[in-house]
Amino acid sequence: MSVALEVRGLTRRFGKLVAVDDASFEIRRGEILGFIGPNGAGKTTTMRVCATLDLPDEGDVLIDGVSVVLDPRGVRRRLGFMPDSYGAYVHTTVADYLDFFARTYGLRGKDRARMLAYVKDFTGLTPLEHKLMTSLSKGMKQRLCLAKTLLHDPALLILDEPAAGLDPHARVELRELVKALAGLGKAVMISSHILTELSQICTSVAVIEAGRIRATGTVDDVIRRARTQHQRVFVRSLAPIDALLKLMLETPGVETARPERGGVVLEVAGAEDDLARLVRRLVEAGMDPIEFSPKATDLEDVFLSLTAGTVQ
Ligand SMILES: Nc1ncnc2c1ncn2[C@@H]1O[C@H](COP(=O)(O)OP(=O)(O)OP(=O)(O)O)[C@@H](O)[C@H]1O
Ligand SMILES: [Mg+2]
């Protein structure tokens, strides 16, 4: 699969603040990359540079091999950017809005009519085409923005928080649309705080905090790596909870222990052999363990273990 987007050593400063600090990652065609990080991490700043709306102080971004610094016009032809918010035009219908952008993209005659029909159908906007933009709900507005983003059939889509403010139905629909777009061979970069959502569609992730990329790779790899560093386990034993808590808190590698549902939930630093040592310790101390269940690591655990919510 060819690389659709390559971020190379990207740095963007605002005065003394380093909003994006030497970031590097890539997205291949057909891949959906979840770009995750706490508020102020540098996601929008990175995406704006990728979309040629801002310039890097150092580094570069290549889209289909074309540099955002050297050939921004060439890049714009290849990507569609959906910003986190956009304004509604007054006295403008859905159809007028899309037609206007189709014209600015240089689409003419039958090609324009065909493309407009396709994007309206794809995003479910056909029945709403005569509605005024100012009368659209949040979810409809998001769809309209996505439709606009698709008009010039870009190979790469950059979506900044597209699911924000959508109800569960609209989120499922958006997820299906994004999956369908990846199925057409497009590369998609999508930022969101709704991690369960992302984990259902993303093939890869990049985790960013305070401008630095903390982890990048396929979802499975990132989760596997997090599992070698940190685990959560539920332990129940025949011994009194207080004794179990005391023993666990005295065990190296156990970061926290708290009572829950008749047992103890532990946060443990380390990999699976550290868990095996913990089981041995319980048995040797005569604690008679009757349940020892490590919790499956998900994207949310990765996010919480790799980021501290630092705001800069
Ligand atoms: N134009 C600007 N001028 C000065 N500082 C800026 C500018 N744009 C962004 N920043 C700062 O850069 C940092 C990164 O902001 P950015 O908007 O990229 O974060 P984000 O990850 O998108 O956050 P959120 O999840 O809240 O959308 C923040 O500290 C922000 O205040
Ligand atoms: Mg943002």
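Only a predicted model underlies this, so the values are computations on that prediction, with no experimental measurement involved.

A. Here's a closer look at the overall build of the protein chain. Each helix and strand in the protein chain was counted, giving 11 helices and 14 strands. In terms of principal-axis extent, the alpha carbons of the protein chain reach across some 80 × 45 × 35 Å. Contacts in the protein chain between residues at least 24 apart in sequence constitute 68% of all its contacts with a sequence separation of at least 6.

B. Up close: the sheet that holds strand β13 (residues 263-269). Spatial strand order, β12-β13-β11-β14: 4 strands in an open sheet with antiparallel pairing. Edge positions in the open sheet fall to β12 (254-260) and β14 (289-294), since each of these has one partner strand only. Taking the axes of each pair of neighbouring strands and ignoring which way they run, one obtains an average angle of 20° across the sheet.

C. Spatial organisation of the site of ligand 1. Around ligand 1 sit 12 residues in total, of which Phe 14, Ala 19, Lys 43, Thr 44 and Thr 45 are the nearest. Those elements that provide at least two residues to the shell around ligand 1 are β2 (17-28) and α1 (43-50).

D. Looking closely at helix α5 (residues 138-150). Taking 1.5 Å of rise per residue, 13 residues should cover 18 Å, and α5 covers 19 Å from first to last C-alpha, within 8% of that figure. Looking at α5, one finds that the buried residues are Gln 142, Arg 143, Leu 144, Cys 145, Leu 146, Ala 147, Lys 148, Thr 149 and Leu 150. Those residues of α5 that are buried are in contact with β6 (79-82), α3 (94-104), α4 (109-122), β7 (156-160) and α6 (168-183).

E. Broad picture of the packing of α3 against α4. Viewed as axis vectors pointing N to C, α3 and α4 meet at an angle of 130°, and their least axial separation amounts to 10 Å. Classified by the angle their axes make, α3 and α4 are oblique. In this structure, α3 crosses over α4, and the sense of that crossing is right-handed. Across the interface between the two elements, Leu 98, Asp 99 and Ala 102 from α3 touch Arg 112, Met 115, Leu 116, Val 119 and Lys 120 from α4.

F. The arrangement of the nonpolar core in detail. Counting residues in hydrophobic clusters, the biggest one holds 67 residues, and the most contacted among them are Leu 5, Cys 50, Val 61, Ile 63, Ile 158, Val 188 and Val 205. Ile 63 has contacts with Ala 4, Leu 5, Val 68, Val 75, Arg 78, Leu 79 and Leu 156, leaving out every residue within four places of it along the chain. Within the second largest apolar cluster, 12 residues are counted, among which are Val 235, Met 248, Val 254 and Val 268.

G. Up close: the domain arrangement of the protein chain. Domain annotation of the protein chain identifies domain 1 (3-218) and domain 2 (228-306). The C-alpha centroid of domain 2 is placed 41 Å from the C-alpha centroid of domain 1. Facing 9 residues of domain 1, the contacting portion of domain 2 comprises 6 residues. For the side of domain 1 that touches domain 2, the elements supplying multiple residues, two or more each, are α7 (195-201), β9 (204-209) and β10 (212-218). Take the side of domain 1 that touches domain 2: its biggest share by element is 4 residues, from α7. Of the residues assigned to the side of domain 1 that touches domain 2, the class counts are 6 nonpolar, 2 polar and 1 charged.

H. View of the sheet that holds β10. Strand order in the open sheet made by the 6 strands is β6-β7-β8-β3-β9-β10, with mixed pairing throughout. Two strands in the sheet have a free side with no partner beyond their single neighbour: β6 and β10. Here the average twist between neighbouring strands, direction ignored, is 15°. Strand contacts of helix α11 (residues 299-306): β3 (32-36), β9 and β10, with the helix running at about 25° to β9, the strand carrying the most contacts.

The rules behind these values
Residues numbered from 1 in each chain as written. Chains lettered and ligands numbered in written order. Predicted model: local features only at pLDDT ≥ 70, side-chain atom pairs only at ≥ 80, totals over all residues. Helix = DSSP H or I, 4+ residues; strand = E, 2+ residues; numbered from the N terminus. Contact = placed C-beta atoms within 7 Å. Pairing = 2+ DSSP bridges. Axes fitted to C-alpha atoms, helices over the stretch in contact; angles between N-to-C directions. Near = placed C-beta within 6 Å. Expected span 1.5 Å × (residues − 1). Buried ≥ 20, exposed ≤ 12 C-beta atoms within 10 Å, placed from the backbone. Parallel < 35°, antiparallel > 145°, perpendicular 65-115°, else oblique. Left-handed = near helix turned anticlockwise from the far one by under 90°. Core = buried A, V, L, I, M, F, W, Y, C linked by C-beta atoms within 7 Å. Domains from an automatic or database assignment. Nonpolar A, V, L, I, M, F, W, Y, C, P; charged D, E, K, R; others polar.

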